Amino acid sequence: MLQLCLTVHTFFNLAVITFFYFSRKSASFYTSIMAVEFEGGVVIGADSRTTTGAYIANRVTDKLTPIHERIFCCRSGSAADTQAIADAVTYQLGFHSIELDEAPLVQTAASLFREMCYRYREELMAGIIVAGWDPRRGGQVYTVPVGGMMTRQPVSVGGSGSSYIYGYVDSNYRAGMSKEECLKFTAEALTLAMERDGSSGGVVRLAVVSEQGVERQVILGNQLPKFSTV
Amino acid sequence: MATVSVRQYHRGGFSFENCKRNALLEADINKLGFSSPAARKTGTTICGVVYKDGVVLGADTRATEGMVVADKNCSKIHYISPNVYCCGAGTAADTEMTTQIISSNLELHSLSTGRLPRVATANRMLKQMLFRYQGYIGAALVLGGVDSTGPQLYSIYPHGSTDKLPYVTMGSGSLAAMAVFEDRYKPNMEEEEAKRLVRDAIAAGIFNDLGSGSNIDLCVITKGKVDYLRPHDVANKKGVRTGNYRYKHGTTGVLTKAVTPLNLEVVEESVQTMDTS
């Protein structure tokens, strides 16, 4: 019954059909996403803006998608592509987990994303950060950018807004931060990215994934941390 | 004799070869002096809102072919299942056919499960079909309904991405309609308030967008009941002519009159009886 995009061979679109008078684009998340490892879990965060051209189609998007009970992915790039990939990987991982009769590894989820993103790299536009907790290796962050590479990093940023915060992240990240410090770090980094990147904005969605489970929170626009008023 | 086996590549999925050809043709056709056929589009305003007991879907009723109105009263709110309806913007044929296909599949699915279909199921089926066709099916949909998990509203884009939201607008008039929603939407509205809000949002699209016009259709879906109000509001009544262009006999004076009788001979006459049994 499930129609999967696993065996679809698609060709790169040369023609874009116009049906909206104001835009010719598909919905995309040119976005800001981030994930940080800490002792006992991971903190993930994202902005909440989806655009079609210059119009914000959804200003409260949830880009932190659960793939399994303690594995999440942060999505950036084409909305349709990342939703389809995430649905396919959720199915594959769920099946695999039932076969194994135990919780899947974060590395497995990341590998599944990598397999799909690399195989269909010409047709897809998807930058994904996979983050979660498993009993074997604790909190892990894997990044699968456009093109389909996969690598594990203690802290990873992605999306169009990430370009503006590499300096902030490199200078402010310390190994061995606590959960609260990680949350503050992520919230501040994403706020700075949203401040400067036109394609990012809305609210900051945060989630903490650990052995105890998932805690989600939202920081509304007027509650974001304030920096210098330039 | 050795048999050579060649690994056949899996030839699944839709072939987009013709899309490349169409793109090249479209580029050259204007040079040859022809114009490419215009698809009938519903340059449209469609919207939906979740209220206390269910969802209200609204749509205008104008269908355009280029800059000409092809249908002044077309129906853009399509039936998916007894508890799920779908508004469609974009290419009229695409929205019509897509919703019919998913409606059939959902009915079969519902018979198989023995339960009332869920809105999320219709959403999955629509998004997976639209993604498979990579945006070439120009159907932008607002899907709404009430099922065992409560009232839900989804917006579905032609490339296959979906958003689950309390209020959505789509189509060329979506910006005008969204302005009304952003101003006046409140969670847990009453039915009359929700209907008024949707009516005003569609009216904003009709009066501020050239691609939308004519009447306002509404569809109110609650648990166990669907009110398909077509038309809910005739926003554009055709005006009554104030003047009369008929002239009385004798208005124009006759100067001369010449009569030439035509003598026609009956050459052949044949009668064919029609079988009216």
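Here the structure is a predicted model, which is why all the values come from computation and not from measurement. Residue positions are counted from 1 within each chain, in the order its sequence is given. Key to labels: chains lettered from A, ligands numbered from 1, both in the order written. The predicted nature of this model means local features are confined to residues of pLDDT at least 70 and side-chain atom pairs, given and counted, to a pLDDT of 80 or more, with totals for whole chains, interfaces and linings taken over all residues. With hydrogens and water excluded, all non-hydrogen atoms of the structure serve as input to the side-chain values.

S.K.: A description of the sheet that holds strand β13 (residues 225-233) of chain B should follow, citing residues and the corresponding values.
M.R.: The pairing of strands in a sheet comes from backbone hydrogen bonds and takes either a parallel or an antiparallel form. Residues and elements named next belong to chain B. A strand pair is defined by DSSP finding two or more bridges across the two strands. Think of it this way: any DSSP run of H or I at least four residues long counts as a helix, any run of E at least two long counts as a strand, and we number them from the N terminus. The sheet built from 5 strands is open, its strands ordered β11-β2-β3-β12-β13 with antiparallel pairing. The open sheet terminates on both sides in strands that have one partner only, identified here as β11 (167-170) and β13. Averaged over all adjacent pairs, the angle separating strand axes in this sheet is 10°, with direction ignored. Across 7 bridges, the pairing between strand β3 (residues 54-60) and strand β12 (residues 216-222) is antiparallel. Across the sheet, A59 pairs through a bridge with D217, a residue of β12. A contact between two residues is defined here by any heavy atoms of the two lying within 4.5 Å. Axis angles are defined between N-to-C directions and span 0 to 180 degrees, where every axis is a line fitted to C-alpha atoms and, for a helix, only to the segment in contact. Along the sheet, helix α4 (residues 174-184) contacts β2 (46-50) and β11; its crossing angle with β11, the most-contacted strand, is approximately 160°.

S.K.: Give a description of the pairing of strand β7 (residues 84-91) of chain B that names residues and reports values.
M.R.: Residue and element names in this part refer to chain B. Counting buried residues in β7 gives 8 out of 8 residues, a clear majority hidden from the surface. Taken together, the 4 bridges between strand β6 (residues 77-81) and β7 define a ladder with antiparallel strand orientation. Residue S81 lies in a different strand from β7, and its bridge partner there is V84. Linking two consecutive strands that pair antiparallel, namely β6 and β7, is a turn of 2 residues. Pairing of β7 with strand β8 (residues 139-147) involves 7 bridges; the strand directions are antiparallel. The cut-offs for exposure are 20% and 50% of the maximum accessible area for each residue type, with area from a 1.4 Å probe on protein chains only; residues under the lower value are buried, those over the upper are exposed, and the others partly exposed.

S.K.: Describe a nonpolar patch on the surface, naming the residues involved and giving the relevant values.
M.R.: Nonpolar side chains (Val, Leu, Ile, Met, Phe, Trp, Tyr) are joined into patches within 5 Å and like charges within 9 Å, using only residues with over 30% relative accessible area and no salt bridge. Accessible surface is estimated by sampling points in the Shrake-Rupley manner with a 1.4 Å probe; for residues, cover comes only from the protein chains shown. Whenever Lys or Arg places a side-chain nitrogen within 4 Å of a carboxyl oxygen from Asp or Glu, that contact is recorded as a salt bridge. A surface patch of nonpolar side chains, amounting to about 270 Å² of accessible area, comprises A:Y30, A:M125 and A:V146. Mapped onto the elements, A:Y30 comes out in the loop between β1 (28-29) and β2 (33-38).

S.K.: Which residues make up the UniProt feature "domain: Proteasome beta subunit C-terminal" (unreviewed entry) in chain B, and what are the values?
M.R.: UniProt positions are given in the numbering used here, feature names are shortened, and annotations may be inferred rather than shown by experiment. Look at the UniProt record and you will see "domain: Proteasome beta subunit C-terminal" (unreviewed entry) annotated at residues 235-271 of chain B. Between the end C-alpha atoms of residues 235-271 of chain B there is a gap of 53 Å, over a span that is 0% helix and 0% strand.

S.K.: A description of unusual backbone geometry should follow, citing residues and the corresponding values.
M.R.: Residue B:P231 follows B:R230 across a cis peptide bond; omega there is -5°. The topology assignment puts B:P231 in strand β13. Of note in the backbone geometry, A:D101 takes a positive phi value of approximately 60° without being a glycine. Looking at where A:D101 falls in the secondary structure, it is placed in the loop between α1 (79-100) and α2 (106-119).

S.K.: An account of the UniProt feature "active site" (unreviewed entry) in chain A is needed here, citing residue identities and associated values.
M.R.: All names here are of chain A. With numbering aligned to this structure, UniProt lists the feature "active site" (unreviewed entry) at T31. Tracing the backbone through its elements, the reader meets T31 in the loop between β1 and β2. Leaving out residues up to four positions away in the same chain, T31 has contacts with D47, K63, R75, S76, G158, G159, S160, G161, S162, D197, S199 and S200.

S.K.: So what's going on with the sheet that holds strand β13 (residues 213-219) of chain A? Residues and values would help.
M.R.: Residues and elements named next belong to chain A. An order of β11-β2-β3-β12-β13 is seen for the 5 strands of this open sheet, with the pairing classed as antiparallel. Across the chains shown, the open sheet's two edge strands, defined by having one partner strand only, are β11 (155-158) and β13. Adjacent strand axes in the sheet meet at a mean angle of 10°, parallel and antiparallel pairs treated alike. Its contacts with the sheet put helix α4 (residues 179-196) on β2, β3 (41-46), β11, β12 (204-210) and β13, and the angle it makes with β2 is roughly 165°.

S.K.: Please set out the pattern of salt bridges residue by residue, giving values where relevant.
M.R.: Applying the stated criterion to the full structure yields 20 salt bridges over all chains. A salt bridge links A:D87 to B:R124, with the shortest nitrogen-to-oxygen separation between them at 3.5 Å. Of this pair, A:D87 sits in helix α1 while B:R124 is found in helix α3 (residues 119-132), placing the two residues in two different chains. Classification of B:R124 as partly exposed rests on a relative accessible area of 37%. Each of the salt bridges in this network shares a partner with another, and the network as a whole consists of B:R184, B:R199, B:D200 and B:D233.

S.K.: Explain the nonpolar core residue by residue, including any values.
M.R.: Residues and elements named next belong to chain A. Residue types Ala, Val, Leu, Ile, Met, Phe, Trp, Tyr and Cys, when buried and joined through side-chain atoms within 4.5 Å, form a set referred to as a nonpolar core. In terms of nonpolar packing, the biggest core is built from 24 residues, with I67, I71, C73, I85, F113, I128 and V130 touching the most fellow members. Only β7 (71-78), α1, α2, β8 (126-134) and β9 (138-144) provide two or more residues apiece to this core. Per element, the largest residue contribution to this core is 7 residues, and it comes from α1. Among residues more than four places away in sequence, those in contact with I67 are F72, C73, A86, V89, T90, L93 and F113.

S.K.: Quick rundown of the environment of B:G160? Include the residues and the values.
M.R.: Considering the arrangement of structural elements, one finds B:G160 in the loop between β9 (150-156) and β10 (162-164). Since its relative accessible area comes to 3%, B:G160 is described here as buried. Taking the C-alpha atoms as reference points, B:G160 and B:Q134, separated by 26 residues in sequence, lie 7.5 Å from one another. Those residues in contact with B:G160 that sit more than four places away from it in its chain are A:A80, A:Q83, B:K127, B:L130 and B:F131.

S.K.: Can you tell me about the confidence of the model for chain A, naming the residues and giving the values?
M.R.: This prediction gives chain A a mean pLDDT of 89; 88% of its residues lie at or above 70. Note that residues 1-24 of chain A has pLDDT below 50 and, in this model, 61 contacts with residues that lie over four places away or in other chains. A residue's pLDDT is the confidence the predictor assigns to it, expressed on a 0 to 100 scale.

S.K.: Describe the confidence of the model for chain B, with residues and values.
M.R.: Looking at chain B as a whole, the pLDDT averages 90, with 92% of positions reaching at least 70. Both scores are given for the predicted complex: the pTM is 0.81, the ipTM 0.83.

S.K.: How would you summarise the packing of α1(A) against α2(A) if you had to cite specific residues and measurements?
M.R.: All names here are of chain A. Viewed as axis vectors pointing N to C, α1 and α2 meet at an angle of 135°, and their least axial separation amounts to 10 Å. Taken together, α1 and α2 sit at an angle that is classed as oblique. In this structure, α1 meets α2 at a crossing whose hand is right-handed. Between α1 and α2, the residues in contact are I85, A86, A88, V89, Q92, L93 and H96 and T108, A109, L112, F113, M116 and C117, respectively. Residue classes follow a fixed rule: Ala, Val, Leu, Ile, Met, Phe, Trp, Tyr, Cys and Pro count as nonpolar, while Asp, Glu, Lys and Arg count as charged, and any other residue, Gly among them, counts as polar. Residue classes in the contact of α1 with α2 are distributed as 10 nonpolar, 3 polar and no charged. In these notes the angle categories are as follows: under 35 degrees is roughly parallel, over 145 is roughly antiparallel, 65 to 115 is roughly perpendicular, and the rest is oblique. Note: crossing handedness is left-handed where the near helix turns anticlockwise from the far helix by less than a right angle, and right-handed where it turns clockwise.

S.K.: Could you give me a rundown of the packing of aromatic side chains, with the residues and numbers involved?
M.R.: Residue and element names in this part refer to chain A. Classification of ring pairs rests on two measures: the distance between centres of Phe, Tyr or Trp rings, Trp counted by its six-membered ring, which must be within 6.5 Å, and the angle between planes, read as stacked under 30 degrees, edge-to-face over 60 and tilted in between. Evaluated as defined, the whole model comprises 7 aromatic pairs over all chains. Ring geometry for Y91 against F95: centres 6.2 Å apart, planes inclined by 45°, an arrangement best described as tilted. Here F95 and Y91 lie together in helix α1, a separation of 4 residues that amounts to about one turn. Here F95 falls in the partly exposed class, since its relative accessible area comes to 47%.

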